[in-house]
Amino acid sequence: MSTLAAVAALRATETGRAERLTTVRHTHLDDGPFVLVPLTLAGEACAPLAALAGTDRERPTLLTVRQPRDRAERFRFAERLAALLLPYIDQCRTAETETYTVGRGAEKEERRRLLRAPQLLVPGGEGIAYVRLLGRLTRLRAVEGPYAVDPSVPALGKWLTWFADRAEFTGSCLLQALTRLLSAHWATGQSPAEDSHLASLLAWIDPPDGLTGAQAAREAEDPLRFPPAGPATDVVFDQTLHDLMSRYDEAANGRGREAVGRQIDRELRGQMLPTWELVWRGVDLLRELPEGRHVAERWAYDRRLFSEYAAYLDEDGRPQARRDHAVGAARRLARMEEAMARYDAERAFDDPLVMAEYELSGEAFTGLVVARDEDRFAPGTRPGSMVWRPTITVRSELPVRLTAGKEVKCPARPGQKAEIVEVVPDCEGHTVVIQLNGGFNRVRKPPAPPGTLAEIGETVTYTSVDPKSMPSVLPAEEDTPWTHGGPPKPYEPTAEDAEEIWE
C-alpha cells in the first residue's frame, strides 16, 4: 500500500466513508458488458453449480446444474454458457473496423481492427480464477469419439482461456473483477482482504442514508441478505443444497425430480441475484467517474488483440497449449512487466492524485513557472552548430530530488522532450531550470507555437516517468539459440490433453 493510499484509508476510517484514490476512471467500461456470477460445488474447485449471466441487467439468464457430480450435467452447463457468451462475442466480431498503423519507416504497416471488443465482468478475483479453470477444462475437449462434447464447448474454452490470459496483463479491460476495479479507485477503512467482499466494499463507497461505511459493511456481512459473491458458497446454504440434491437423486419419478429441480433453481437464483445487482451497482458508480485520457488508447489495444485472436481462430483454431514452453513463458513475463510499467506511468499522467505518489517518492515535482527564455539557442551535435533550446524556470516549494541531466516529461505536454539543466536549492524550496528539446509542432526557431511553451505563472508538473518509454526487445522465437533449447516447436493437441479432471 502506498503512502497516499494509507492516508486515504485513515481518512476513510475517520469520516466513515470511502475516500477517492483517483480523480478519473482508469478502466474502460463497455456499454453492454457481459456479466458472469458463477457458483461452484463446495469442495470442488471447478464443478459448476450455477451462474447468472448475460448483458441484460433486468433479465439475467439462470444456468444451473442440479447434480454437479454428474459429468454430463457439467458439460451441458458449459454448452448453455457457450450459447450465451459466443453470440455476444460474435456480435463484436461483426462490428465495423478501423485502420491502424504498426511499426515505423520502411517497416510501417497498415492493419484493420474491430471497433468493438467483448468485455467480461465477474464479481471478484476468484471469478477470474474460475474463468481460467473452466477455460482450461473445456478448450481441450474432444468433439468426436468417447465422451464427445458439443463443438461449442471447446470454442467456449478457447475464449475463456484467452480472457483469463489477458486479465494477467495490467491495464487490460477485457476481463475485470468488480472488487479490483472499485479498490483501485476508492480506499476504505477496512483491510484489503475485507475489500474482496463485494457487498462490504460497496457499503463503504456508497452507504445507505443514516449509516456510516463501517456500519453498512457490518450489515453487509449477513449471508442471508448478501450471500457470498462466489464461486464459493455459504456453508449454511451448502447444507440446504445437499438436502435438496439428495431429494433430487431419490425422487421416485421424473415428475418428482423436476419439482425438486425447480426448487434447486430457485434457491440458486436467490443466492446469486444479490451479487448480480451489486455488480451492476458497482458499474454505475464507476461510470460516474470521468474516463482517463489513456483509457481509450488501452481499449484500442484490447480491440486489436481481440481482432487478431478472432482471425487466428478462423485461420488456425488450435487451442492454447496446456503449458507455455520456456521461450513463450519468458516473452510473456517480459510483456507483463512492460504492461505494468506502462499502465502505472499512464495513470500518473492522467491523474494528479496518482502523480502525487511519484512526487512523494522523488520521481516528480510540481511548481510555478517564474521565468522562461524563449530565444535561447544551445550548441548542437555538429561542430559550430546551434539549435533552438528554450528554457523555463520552475519554482517548487517542496524538495526536488531529480538532478541536472535527467530527462523529464510534463503530463500537460506529453509529446515535449525536456531535460533538467540546473537545480538550485534554498531555504524556501528549489528552483529548477528545464531545457525543452522539442514538442513545438516541428517549428525550429522562435516564436513557439501557442500553448507549446509554458506561460509564466502556470503550474506545471515534471516527472522522470515516461509512458512512451521503449520496451525491451527480445529476439524472435526462430532465433532462439541451441543453448536455450532452440526454436520451440508449435503446440499440437494430443489425446492426453483431453484427460484433465474437473479439479
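It should be noted that the structure appears before, not after, this text.
Keep in mind that what you see is a predicted model, and the values were worked out from it rather than measured.

Caption draft 1: Structural context of the sheet that holds strand β3 (residues 48–54). Pairing is mixed in the open sheet, where five strands are placed in the order β4-β3-β2-β7-β8. Single-partner strands in this sheet number two, and they are β4 (61–64) and β8 (175–177). Between one strand axis and the next, the sheet turns by 20° as a mean value, whatever way the strands run. Across two bridges, the pairing between strand β2 (residues 34–40) and strand β7 (residues 120–122) is parallel. Pairing of Val35 across the sheet is with Leu121, part of β7. Of the strands in this sheet, β2, β3 and β4 touch helix α2 (residues 71–93), which is tilted by about 155° from β4. In the packing of helix α5 (residues 178–185) onto the sheet, the strands contacted are β7 and β8, and the crossing angle to β8 comes to about 70°.

Caption draft 2: Examining empty space enclosed by the protein more closely. Applying the stated criterion across every chain, the model contains one cavity of 30 Å³ or more. Within this model, the largest cavity holds a volume of roughly 40 Å³. In terms of lining, the largest cavity is formed by His197, Leu198, Ala199, Phe226, Pro227, Pro228, Ala229, Thr275 and Leu278. Residue assignment for the lining of the largest cavity shows that the elements contributing at least two residues are α7 (198–205) and α10 (254–287). A per-class count over the lining of the largest cavity returns seven nonpolar, two polar and no charged.

Caption draft 3: Inspection of the pattern of salt bridges at higher detail. In total, this model carries 31 salt bridges according to the counting rule given. A salt bridge links Glu109 to Arg111; its shortest N-O distance comes to 3.5 Å. When its relative accessible area of 40% is taken as the criterion, Glu109 is described as partly exposed. Its relative accessible area of 28% is what places Arg111 among the partly exposed residues.

Caption draft 4: Highlighting the packing of aromatic side chains. A complete count under the given rule lists 11 aromatic pairs for this structure. Relative to Tyr88, the ring of Phe34 has its centre 5.6 Å away and its plane inclined at 35°; by these criteria the two rings are tilted. In this pair, Phe34 is assigned in strand β2 and Tyr88 in helix α2, connecting sequence segments 54 residues apart. Among the aromatic residues, ring-to-ring pairing joins Trp159, Trp162, Phe163, Phe306, Tyr309 and Tyr312 into one connected group. We note Arg166 situated over the ring of Phe169; from NZ or CZ to the ring centre the distance is 4.3 Å. Stacked on the ring of Tyr248, the Lys or Arg Arg257 has its end atom at 5.0 Å from the ring centre.

Caption draft 5: Structural detail: the packing of α7 against helix α8 (residues 213–220). At a minimum axis distance of 8 Å, the contact between α7 and α8 shows a crossing angle of 160°. Comparing their axes, α8 and α7 come out roughly antiparallel. Of the two elements, α7 crosses α8, and the hand of that crossing is right-handed. Seen from α7, the contacting residues are Ala199, Ser200, Ala203 and Trp204; seen from α8, they are Gly213, Ala214, Ala216, Ala217 and Ala220. Taken together, the residues of the contact of α7 with α8 break down into seven nonpolar, two polar and no charged.

Caption draft 6: Spatial organisation of the nonpolar core. One finds Leu36 and Trp159 to be the most contacted residues of the largest nonpolar core, which totals 45 residues. Going through the elements one at a time, β2, β3, α2, β7, α3 (125–138), α4 (152–167), β8 and α11 (295–315) are the ones with two or more residues in this core.

Caption draft 7: The layout of surface pockets, seen in detail. Size it by volume and the second largest pocket reaches roughly 870 Å³. Taken together, 34 residues form the lining of the second largest pocket, with Arg180, Ser183, Ala184, His185 and Arg347 sitting closest to its centre. Of all the secondary-structure elements, those providing two or more residues to the lining of the second largest pocket are α1 (3–15), β8, α5, β9 (186–187), α6 (192–195), α12 (326–350) and α13 (352–360). In terms of residue count, the dominant contributor to the lining of the second largest pocket is α5 (five residues). Split into classes, the residues belonging to the lining of the second largest pocket amount to 17 nonpolar, 12 polar and five charged.

Caption draft 8: Representation of the side chain of Arg66. Topologically, Arg66 is positioned in the loop between β4 and α2. When its relative accessible area of 16% is taken as the criterion, Arg66 is described as buried. Here Gly261 takes part through its backbone oxygen, which lies 3.3 Å from a polar atom of the side chain of Arg66. At 2.7 Å, the side chain of Arg66 and the side chain of Asp265 are in polar contact. Leave out the neighbours within four places in its chain, and Arg66 touches Glu73, Met245, Tyr248, Glu258, Gly261, Arg262, Ile264 and Asp265.

Calculation criteria
For every chain, the first residue of the written sequence is number 1, and numbering continues from 1 onward in sequence order. Totals for whole chains, interfaces and linings use every residue, but because this is a predicted model, local features are given only for residues with pLDDT of at least 70 and side-chain atom pairs only at 80 or more, for both listing and counting. The basis for every side-chain value is the complete set of non-hydrogen atoms in the structure, without hydrogens or water. Pairing between strands is defined by DSSP: at least two bridges between them are needed. Helix and strand definitions here come from DSSP, where helices need a minimum of 4 consecutive H or I residues and strands a minimum of 2 consecutive E residues; each element is numbered from the N-terminal end. Helix axes use the C-alpha atoms of the stretch in contact, all axes being lines fitted to C-alpha atoms, and the angles between their N-to-C directions lie in the range 0 to 180 degrees. Contact definition: two residues touch when any of their heavy atoms are within 4.5 Å. A cavity here means a set of 1 Å grid points, computed over protein atoms only, where a 1.4 Å probe fits but cannot escape. A pocket is an open set with protein on both sides within 12 Å along at least 5 of 7 lines, and lining residues have an atom within 4 Å of a point. Grid points are joined across faces, edges and corners, and a volume is the space filled by probe spheres set on the points. Residue polarity follows a fixed list, in which Ala, Val, Leu, Ile, Met, Phe, Trp, Tyr, Cys and Pro are nonpolar, Asp, Glu, Lys and Arg are charged, and the others, Gly among them, are polar. For this analysis, a salt bridge means a side-chain nitrogen from Lys or Arg found within 4 Å of a carboxyl oxygen belonging to Asp or Glu. Relative accessibility decides the category of a residue: with a 1.4 Å probe and only protein chains considered, values under 20% of the type maximum give buried, values over 50% give exposed, and everything between is partly exposed. Any Phe, Tyr or Trp ring, taking Trp's six-membered ring, that has another such ring centre within 6.5 Å forms a pair; planes under 30 degrees apart are called stacked, those over 60 apart edge-to-face, and the others tilted. Put simply, a charge is over a ring when the Lys NZ or the Arg CZ is close to the ring centre, within 6 Å, and near the line of the ring normal, within 35 degrees. Between 65 and 115 degrees an angle is taken as roughly perpendicular, under 35 as roughly parallel, over 145 as roughly antiparallel, and anywhere else as oblique. Two helices that cross are described as forming a left-handed crossing if the nearer one is turned anticlockwise from the farther one by less than a right angle, and a right-handed crossing if clockwise. Here the nonpolar core consists of buried residues drawn from Ala, Val, Leu, Ile, Met, Phe, Trp, Tyr and Cys, with membership extended through side-chain atoms lying within 4.5 Å. In protein, a polar contact means a hydrogen-donor-capable atom and an acceptor-capable atom, both N or O and within 3.5 Å, with residues adjacent in sequence counting only if both atoms are side-chain atoms; elsewhere, any N or O pair within 3.5 Å suffices.

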